[in-house]
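# Architecture at a glance
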Amino acid sequence: MSRTRSVTSSVLGVDRRTVLAATATAAVSVSAGVGYALRPTDSQAAPANTPAVPAREAAVAPAAAPLAPYTKGTTLASVAAARAGSGYRRLGSAAGWQRVVRADLAAPKPGRAGRRTTLAAFVQLTDLHLIDSQHPLRLEYLRAASDISWRPHEALTVQGAVSLIERVNSLRAAPVTGAPLDFVVTTGDNTDNNAHTELDWYLTVMSGGRITPNSGDPRHYEGVQNSGVPLYWQPDSTSRDAYKQRGFPHLDGFLAAAIREVNSPGLTLPWYSTVGNHDAMPLGCYAHGDSYLAEYAVGGRKLMELTAAEATRLQQSISQDKDPRGTVIRDLLKSKTRAMRTVTPDERRAPYTPADHLRAHLDPAYRGAGPVGHGYTSANLAAGTQYYTFPIAEKVLGVSLDTTDPGGHYNGSIGTAQLKWLDATLRAHQDMYAIVFSHHTSESMSNTRPDPAHPGERRHTGAELTALLGRHRNVVAWVNGHIHRNDITPHRGSAAGGAFWEVSTASHVEFPQLARVIELVDNKDGTLSLHTTLVESAAPHRTDFADLSQTGLAALYRELSANARFDGARLGGEPKDRNTELVLKRK
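Report follows, based on the coordinates. Numbering of residues begins from 1 in every chain and follows the order in which that chain's sequence is written. For a predicted model such as this one, the threshold for reporting local features is a pLDDT of at least 70, and the threshold for listing and counting side-chain atom pairs is 80 or more; totals across whole chains, interfaces and linings nevertheless cover every residue. Note that the side-chain values use all heavy atoms of the structure and ignore hydrogens as well as water.

Looking now at the environment of Thr532. For Thr532, the position within the fold is in strand S21 (residues 527-535). The buried category is assigned to Thr532, whose relative accessible area is 0%. Each residue touching Thr532, except ones within four places of it in the same chain, is listed here: Arg99, Ile488, Arg516, Val517, Ile518, Arg578, Asn579, Thr580 and Leu582. N or O atoms closer than or at 3.5 Å make up a polar contact, with two conditions inside protein: a donor-capable atom paired with an acceptor-capable one, and, for residues adjacent in sequence, both atoms drawn from side chains. Among the polar contacts listed, one links the side chain of Thr532 to the side chain of Arg516, at a separation of 3.3 Å. Within the structure, the side chain of Thr532 is placed 2.7 Å from the side chain of Thr580, a separation counted as a polar contact. Secondary structure counts use DSSP, requiring at least four H or I residues in a row for a helix and at least two E residues in a row for a strand, with both numbered from the N terminus. Between buried and exposed lies partly exposed: a residue is buried under 20% and exposed over 50% of the maximum accessible area for its type, with that area taken using a 1.4 Å probe on protein chains only. In what follows, residue pairs with any heavy atoms lying within 4.5 Å of each other are defined as contacts.

What follows is about the environment of Gln315. Position of Gln315 relative to the elements: it lies in helix H7 (residues 308-319). Taking the relative accessible area as the measure of exposure, Gln315 reaches 25% and is therefore partly exposed. Beyond its immediate stretch of four places on either side in the chain, Gln315 contacts Leu142, Ala145, Ser146 and Ser149. Only 3.0 Å separates the side chain of Gln315 from the side chain of Ser149, close enough to count as a polar contact.

On to helix H6 (residues 291-298), then. Three or more residues of H6 are buried, namely Leu293, Ala294, Tyr296, Ala297 and Val298. Next to the buried residues of H6 lie strand S10 (301-302) and helix H8 (327-335). The N-capping residue of H6, defined by a side-chain oxygen 2.9 Å from the backbone nitrogen of Tyr292, is Asp290.

On to the side chain of Asn193, then. With respect to the helices and strands, the residue Asn193 is situated in the loop between strand S6 (183-186) and helix H3 (196-207). For Asn193, a relative accessible area of 2% puts it in the buried group. A polar side-chain atom of Asn193 sits 3.5 Å from a polar atom in the side chain of His135. Once residues lying within four places of it in the same chain are set aside, the contact partners of Asn193 are His135, Leu137, Arg138, Glu198, His278, Met281, Pro282 and Leu283.

Moving on, we get to the nonpolar core. For the purposes of this section, nonpolar cores are sets of buried Ala, Val, Leu, Ile, Met, Phe, Trp, Tyr and Cys residues that join through side-chain atoms within 4.5 Å. Counting 45 residues, the largest nonpolar core has Tyr141, Phe254, Leu314, Ile329 and Leu333 as the members making the most contacts within it. Counting residues per element, the ones that place at least two in this core are helix H4 (254-258), H6, H7, H8 and helix H13 (550-564). Contact partners of Ile329, with chain neighbours within four places excluded, come to Leu139, Tyr141, Leu283, Tyr286, Leu293, Leu314 and Asp323. The next biggest cluster of nonpolar side chains, apart from the first, holds 34 residues, and it includes Val123, Leu128, Leu269 and Ala515.

Moving on, we get to the pairing of strand S5 (residues 117-125). Counting buried residues in S5 gives seven out of nine residues, a clear majority hidden from the surface. Of the pairings in the sheet, the one linking S5 to strand S20 (residues 515-522) comprises seven bridges and is antiparallel in character. Across the sheet, the residue bridging to Thr118 is Val521, located in S20. For S5 and S6, the ladder comprises four bridges, and the chain directions are parallel. Opposite Gln124, over in S6, you have Val185 as the bridge partner. Regarding the hand of the β-α-β motif, the stretch spanning S5, helix H2 (residues 157-170) and S6 is right-handed. Between any two strands, pairing holds if DSSP finds at least two bridges. When the strands point away from the viewer and the connection leading from the first strand across the helix to the second strand turns clockwise, the crossover is called right-handed.

Any carboxyl oxygen of Asp or Glu that lies within 4 Å of a side-chain nitrogen of Lys or Arg is treated as forming a salt bridge with it. The final tally for this structure, using the stated rule, is 30 salt bridges. Of the charged contacts, one joins Arg341 and Glu305 as a salt bridge, the two residues approaching to 3.8 Å between their closest N and O atoms. Of this pair, Arg341 sits in strand S11 (residues 341-342) while Glu305 sits in the loop between S10 and H7, placing them 36 residues apart in sequence. Given the relative accessible area of 30%, Arg341 is considered partly exposed. One network of salt bridges, with partners in common, ties together Arg138, Glu140, Arg151, Glu154, Asp192, Lys302, Glu510 and Arg565.

Multiplying one less than the number of residues by 1.5 Å gives the expected span of a helix. In a regular helix each residue adds 1.5 Å, so 12 residues correspond to 16 Å; H7 covers 16 Å between its end C-alpha atoms and thus fits that length. Regarding H7, the residues found buried are Glu310, Ala311, Leu314, Ser317 and Ile318. Relative to the axis of H7, the buried residues are bounded by an arc of 125° and lie together on one face. For H7, the secondary structure elements touched by its buried residues are H8. Just beyond H7, the residue with positive phi is Asp321, at close to 55°. The directions considered for the arc run from the helix axis to the C-beta atoms.

The angle between the axes and the distance between the axes are what describe a pair of packed helices. Structural elements are reduced to axes, namely lines fitted to C-alpha atoms, with helices fitted over the stretch in contact, and the angle between N-to-C directions of any two is expressed from 0 to 180 degrees. Where H3 contacts helix H9 (residues 354-362), the axes come no closer than 11 Å and their chain directions differ by 30°. On the basis of their axis angle, the class for H3 and H9 is roughly parallel. At the point where H3 passes H9, the crossing takes the right-handed sense. Residues His196, Leu199, Tyr202 and Leu203 of H3 touch H9, and the partners they reach there are Asp356, His357, Ala360 and His361. Taken together, the residues of the contact of H3 with H9 sort by class into four nonpolar, three polar and one charged. Any angle between 65 and 115 degrees counts as roughly perpendicular, while under 35 counts as roughly parallel, over 145 as roughly antiparallel, and the rest as oblique. Helix crossings fall into two classes, left-handed where the near helix is turned counterclockwise from the far one by less than a right angle and right-handed where it is turned clockwise. Lys, Arg, Asp and Glu make up the charged group, whereas Ala, Val, Leu, Ile, Met, Phe, Trp, Tyr, Cys and Pro make up the nonpolar group; the residues left over, Gly among them, are polar.

This paragraph deals with the packing of H2 against H13. Viewed as axis vectors pointing N to C, H2 and H13 meet at an angle of 100°, and their least axial separation amounts to 8 Å. Classified by the angle between their axes, H2 and H13 sit roughly perpendicular to one another. Contact with H2, carried on its side by Thr157, Gln159, Gly160, Val162, Ser163 and Glu166, involves Gln550, Leu553, Ala554 and Tyr557 of H13 and no other residues of that element. Its residues placed into classes, the contact of H2 with H13 shows four nonpolar, five polar and one charged.

Taking strand neighbours across the sheet as the criterion, the seven strands line up as S4-S22-S21-S20-S5-S6-S9 in an open arrangement whose pairing is mixed. The open sheet has two edge strands with one neighbour each: strand S4 (100-102) and strand S9 (271-272). Judged from the six bridges that link them, S21 and strand S22 (residues 580-585) form a sheet pairing that is antiparallel. Bridging across to S22, Ser529 finds its partner in Val583.

Bear in mind that shape data such as this cannot, by itself, settle questions of function.
In structure tokens, the structure reads:
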């Protein structure tokens, strides 16, 4: 019996007003496209073989009077930072990060702050990695080969994500222009292990509701953190595990608190979803199709230990792209049956397919602040695609891409059909600015392994996608994640005046745990500016080990992540990658 389950058992009804599917006939001309009036929460699917999205002819209501710039809760005001010392370091508050003006693509002109008008303002979340930390098909045992292959805070991803939602909801206006925020967009790796449990938690965090971040035995935690294996932090135990030797605390009751019910208010803004490799494939790197791995994911056995040599070999098979279909890990697990521990089976841990992913987003139970489908429509489901367009503002178009490679491995690429669709879409909207969203960055789209569903279709690299975007003068930004690091890169295109900024944002699972507000403004002097401002979750910087409430655990989530690895400064990026003004010529 197949272990790939659908989240919903019924056929879902979708609001016809949000499903503006173009015909699947390849002969339709771009210039002959019919204009559609899309409202700010409508999106248009990208069915296979559709040349372009019809141009938008929207009647947009006058914008509300802007508020004063709102910097409270942003990293302009303050940031979490480790206190002086060695070993386990407690967090406190430090001075905020100043804004850096970047003139790589155009010279900033004086007086622009008094002239500018806001075109769009939104929030990017990326790499939330909602983790079912008790799932059998996890790679915790790679910790034997590398300190950063397992995170001691993995049981708290839901509490941390809810705190980030609370922060976004508290932002009364944009931090530079004071304009109202229009929407939120995620740029992939919303889940960690392509498990139905994680997909439900992610959609509930975003849309609002109660979540019990537990699987298997409903009464207690079953995983590496109460296994007694000294390789992992054992929070409830007084044993001197590897982490307590570094100063990690003994927290009696931590695991019981970690699996308690959590309440998410849900976003108060409309939100859109983009797919990442961890959403598309088990463990973010193994192609679907191995029945043993699918059965293991829902079964009652879990491997928790490997030798350093075994862990190194497995890690190399992944990093060197030698095992896209999971053959190496399957054979390893089969050879370790006697070393596995008994856990409670749970069918909810089954991997989900792309169709399941789309159906879940279309489920009215997860509508939240809207729109229905959060960018995806029934046309995506019919065509088997996970890319689409949506209107950001009267003069700004959003394009969400699928850069995952279903053939396996964590790096990405893009198929010819999607690349042609993107080219045609940008041509059809030459009178609008375009902001492109994806999971992978230009440098991490190096995996051109064929898609098993389309073996004859060529896959294209990040360099090819960058070149295409550079040929379109209306592209102003490419916003993405994946690398878990803040990085902002200027790109000069081949078209006259063609140039755009690539904005990559750090994850919310690794310290410093950030999201980003982005404001696009017209400076009324021949230039545009993209203002980027990083935000942290609403949890306090200082932790209290006695506070195991939902908020206390969210604060602990940040502090544990700061001590899990010591390259937080690298992941936070340089000042030029954090709070910025990115200037470019007006198209």
